[in-house]
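In case you want the letters, here they are:
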Amino acid sequence: MRGSFAQRLFGGFLLVLAAGLAVLGWQAHRFETRLFEARERAWAFRELSLAAAALPTSALQRHDSRELDAWCNRMGAAAGARITLVDSDGRLLGDSDVSLDSLTLVENHNDRPEVTQARAYGQGWARRHSHTLGLDLWYGAVPLPSERATKPVLRMAVPQARLANEEREQQRLLLFSLVVAFLTAAALALLSARVLGGRLRRALDAARRMGQGELDARAPEQPDDEVGRLGRSLNQMAARLEERLRELAEGRDQRERILAHMVDGVVLVGADGRVVHANRGFAAILGLAQPPAPGSRFLEEVRQPVLAGLLERARGHADALTEEITFFSPVQRTVEAAVVNLGGAGTGAQLLVMHDLSRVKLLERVRQEFVANVSHELKTPLTLIRGSAETLLDGGLEDEAHRRAFVEKIERHSERLQRIVEDLLELARLEQPGVRAGEESVDLAELARGVVQSFRDAAASRSLALEWHDPGGPVAVSGDVDMLERAIANLVDNAVKYTQQGSVSVRVGREAGVAFCEIRDTGPGIPAEHLSRIFERFYRVDQGRSRELGGTGLGLSIVRHVAELHGGSVRVESELGRGSVFRVEIPVAAALTS
């Protein structure tokens, strides 16, 4: 027999199943036939008992055929069956299916099996063809009480056709049940065969894959039968081999992960100039979306002639070649690059490692600029103070007409030095790591109103209108009152100093969960190219005028730091000849926004 193991198993099961269901159906048919007959018999005798109890005994004693035949007709109609009353001599006293006039023509019934059984045993039951009615009938009979030795008999006849119809319905139901059972069992058998066949196929497939080097392949081990034990043996063999290979792969993967997450850029270039491997740090330094793919040409992917030149120069060195190089695309970067020839000088692959120095260079440049700016800011007042002091010491003290002017100059520039030092200390404090703004509730409107009042005289001395826009209620924020007052004062001070004519207005309000303080002036405005840098330390739009007005160049930087410490921001809008608008925004205190 050809076919798979599962197919042969399924075919054999179907043969056994068909034979078993055929025997079961035959036995069930026999049982149902007996069951229907027993049920019909019980019903017939119950109906006969009820009818016998209702029999008019007086008419039976008189042998009144007319009344008895009418009674049989009523009983037969009520029971839906033939009711016959047989006298002790075998003639019919009444019959529900035979007319009264034809009763005398019906043959004697004393020899009927059901009649003789009823007289002998108290009940009679038989099945035969009725020549009188021309039907196959079930007959049930019971004797009636009588003083005569031979008792009259009450008989009921039920057409077998009624029982046969019901029996055929039950046979169809039985046949349908057998067919459903066969199909269900066949489906389950097919499923079981497929499951078993699938387990065998998976075990064979796992063995094949293991043989091809796929050691992660596993055969099914459950249930714990012959197939499961075969799979367990295969899996144990593969697991031992896989464990040995995993130890080797883990060392390799660990090195790969370290290389991939290095901040330094690393690339291995083959002897043919193609990339063997590159990490993400290399792509980040060069501004590439992703590292060059293995197999791609290094010069086509990188497009940095300075790196190509470095690789070429390194070929003549047996040891590592380290140089500090700068390239300008996509942004300017300074890196320390080291190249090693893995195959010796002049041949083999080259390993290039780049360490980004751009941030270090930037911090160094910022430090140099800061030192230069501080030195420049301190140099001018110190020079003037020293010059004035030397003049006084060289005889200026006796010059009554000019000595006061020199002393006033010394005082003025000493105050300027003090302001610079105080602003530097304040800026240093704000820039310290871990510095946080206070969490006290501050009414920004009341704070700004006080700052405006303190600058009334300064604005009046310059013939400026200093306007205050009352918000009509408190504007609460959470923060440090001294810091916020210093920031607003710096902005109002700048607006008053740099506005020659017109007005300065201060407005405080709240919108979209943010409190703001807006200082608007009608001064000369700020050129657009300076707007992005005016919050830097010591940055001035007009160097001469700023120093003339006593500015330190640190005020706006302090404002920016204060706003950021409070979780807010500061921005500026300006137009030449039409003035500027500085706006500080700080989140509104949560307790007062509900």
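Given the structure is predicted, the values throughout are model-derived calculations rather than measurements.

### Thoughts on the packing of aromatic side chains
Applying the stated rule across the entire model yields 3 aromatic pairs. Between F45 and W125, the ring centres sit 6.0 Å apart and the planes meet at 55 degrees, which makes this aromatic pair tilted. One end of the pair, F45, is in helix α1 (residues 5-53); the other, W125, is in strand β3 (residues 124-130), with 80 residues separating them in the sequence. Each member of the pair F45 and W125 is classed as buried. A centroid spacing of 6.3 Å and a plane angle of 80 degrees characterise the contact between F535 and F582, whose relative ring orientation is edge-to-face.

### A short note on the packing of helix α14 (residues 481-498) against helix α16 (residues 555-565)
For any two helices packed against each other, the geometry comes down to the angle between their axes and how far apart the axes lie. Running from N to C, α14 and α16 point in directions that differ by 145 degrees, and their axes come no closer than 9 Å. Remark: the crossing between α14 and α16 carries left-handed chirality. In contact with M483, L484, R486, A487, N490, L491 and N494 of α14, α16 contributes G555, L556, I558, V559, V562 and L565. Residues that form the contact of α14 with α16 fall into these classes: 9 nonpolar, 3 polar and 1 charged.

### As for the sheet that holds strand β15 (residues 514-521)
Read from one edge of the open sheet, 5 strands run β12-β14-β15-β17-β16, paired in mixed fashion. Since the sheet does not close on itself, it has two edges, and those belong to β12 (465-469) and β16 (569-575), each with one partner. On average, each strand axis in the sheet is inclined to that of its neighbour by 15 degrees, with strand direction left out of account. Bridging between β12 and strand β14 (residues 503-511) involves 5 bridges; their strand directions are parallel. Within β14, the residue paired with L466 across the bridge is V504. In this fold α16 packs onto β16 and β17 (579-587), with an angle of close to 135 degrees to the strand it touches most, β16.

### Focus on the sheet that holds strand β6 (residues 265-269)
The pairing of strands in a sheet comes from backbone hydrogen bonds and takes either a parallel or an antiparallel form. Taken in spatial order, the 5 strands make up an open sheet running β7-β6-β10-β9-β8, and their pairing is antiparallel. Of all strands in the sheet, those with a lone pairing partner are β7 (275-278) and β8 (321-327), marking the two edges. Ignoring strand direction, the axes of neighbouring strands in this sheet form an average angle of 20 degrees. One ladder, built from 7 bridges, connects β8 with strand β9 (residues 333-341); its direction is antiparallel. Its bridge partner lying in β9, E324 is registered against E336.

Parameters at a glance
- Residues numbered from 1 in each chain as written.
- Predicted model: local features only at pLDDT ≥ 70, side-chain atom pairs only at ≥ 80, totals over all residues.
- Heavy atoms only, no water.
- Phe/Tyr/Trp six-rings, centres within 6.5 Å; stacked < 30°, edge-to-face > 60°.
- Helix = DSSP H or I, 4+ residues; strand = E, 2+ residues; numbered from the N terminus.
- Buried < 20%, exposed > 50% of the residue type's maximum accessible area, 1.4 Å probe, protein only.
- Axes fitted to C-alpha atoms, helices over the stretch in contact; angles between N-to-C directions.
- Left-handed = near helix turned anticlockwise from the far one by under 90°.
- Contact = heavy atoms within 4.5 Å.
- Nonpolar A, V, L, I, M, F, W, Y, C, P; charged D, E, K, R; others polar.
- Pairing = 2+ DSSP bridges.

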